[in-house]
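# Coordinate analysis (summary)
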Amino acid sequence: MSIRRKTKIAALVAASAILVMALGSFGSASAQSGPATRLCTWGGTPANPTGIVTLEPGLTNTPSAGPIAVYASGRLEGQGCKGTMIFDGIARSGAGCLSGTIFEGPVYGVPGVTRLFGPGWGPQVQEFLYDRQGNVVGADQPNVKIEGNSAPNSNALDCGTPEGFRRAPFSSTVELY
C-alpha cells in the first residue's frame with residue numbers, strides 16, 4: 001500500500017472518529033438533560049454480541065452506486081426495555097467498507113421510536129432515534145464485530161470480494177430520553 005493511500009485512509013479514519021465523538025457528545029448531553037433517560041442494550045454486549053445485521057448487496061471497497069438494504073435485529077434489554085428491536089432501512093448511496101455510511105429507516109419494537117438516522121464508519125455507528133413527529137427521542141451506538149476472518153459470517157476480507165461484506169454480529173447501547 002502506498003504512503004499516499006495510507007495517509008488518505010488515516011485522515012478519513014481520524015475525521016470519522018471526530019464526527020462520531022461529536023455526535024456521541026451531542027447524544028450524551030441530550031440524554032443527561034432529561035430526568036427520564038433509560039439506558040438499554042440491543043443485541044447483547046460487546047463481549048457477547050447477539051444481534052445480527054445483514055446488508056444486501058454487501059459492502060465492498062468501492063462506494064455503492066445505490067442504496068444498500070440493511071436489516072438489524074436483536075434483543076432489547078435493561079431499564080424497562082424488553083422485546084426485539086428491529087431496524088429495516090438502508091445505507092445511502094456511496095456506502096462502502098472504506099467510506100462513511102449514512103443509515104436511515106424505520107425502527108420497530110421500541111415504543112415511541114419510529115425511525116433512525118445516523119452516520120457510521122467501519123464497525124462504529126452513531127444513530128439518532130426519532131418519534132412520529134420527528135423529535136429526537138434517543139440514540140444508539142451499534143458496534144459491529146469484525147475480526148478479519150475469525151468471526152463467523154463477519155470476514156472483513158469480504159470487502160474485497162464482488163459479494164462484499166454481508167452479515168455480522170453486533171451489540172449496541174441504546175439511550176432513550
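Here, the structure is the one placed above.
Figured I'd write up the structure that's included with this text. Remember, predicted model here, so these are calculated numbers, not experimental data.

Applying the stated criterion to the full structure yields two salt bridges. The shortest N-O distance in the salt bridge between E56 and R166 comes to 2.2 Å. Highlighted residues: E56 in strand β2 (residues 51-59) and R166 in strand β10 (residues 165-176), separated in sequence by 110 residues. R166 gets classed as partly exposed once you look at its relative accessible area, which sits at 37%. The salt bridge partner of E104 is R92, with a shortest N-O separation of 2.6 Å. Taken together, the residues span a long stretch of sequence, with E104 in strand β5 (residues 101-108) and R92 in the loop between β4 (84-91) and β5 at a distance of twelve residues. For R92, a relative accessible area of 37% corresponds to the partly exposed category.

Moving on, we get to the state of the cysteines. Overall, the coordinates contain two disulfides when judged by the stated rule. The side chain of C40 participates in a disulfide bridge whose partner is C81; the two sulfur atoms lie 1.8 Å from each other. Since a negative S-S torsion denotes a left-handed disulfide, the C40-C81 link at about 50° is right-handed. Pair noted here: C40 is in strand β1 (residues 38-42) and C81 is in the loop between β3 (68-77) and β4, with a separation of 41 residues, a long-range link. Exposure remark for C81: the relative accessible area of 10% places this residue in the buried category. Residue C97 pairs covalently with C159 via a disulfide, S to S 2.0 Å. One quick way to see it: the torsion about the S-S bond of C97 and C159 is about -80°, and its sign makes the bridge left-handed. Of this pair, C97 sits in the loop between β4 and β5 while C159 is found in the loop between β9 (136-144) and β10, placing the two residues 62 residues apart along the sequence. Of the two residues examined, C97 and C159, each falls in the buried class.

Rules behind the numbers
- Residues numbered from 1 in each chain as written.
- Predicted model: local features only at pLDDT ≥ 70, side-chain atom pairs only at ≥ 80, totals over all residues.
- Heavy atoms only, no water.
- Salt bridge = Lys/Arg side-chain N within 4 Å of Asp/Glu carboxyl O.
- Helix = DSSP H or I, 4+ residues; strand = E, 2+ residues; numbered from the N terminus.
- Buried < 20%, exposed > 50% of the residue type's maximum accessible area, 1.4 Å probe, protein only.
- Disulfide = S-S within 2.5 Å.

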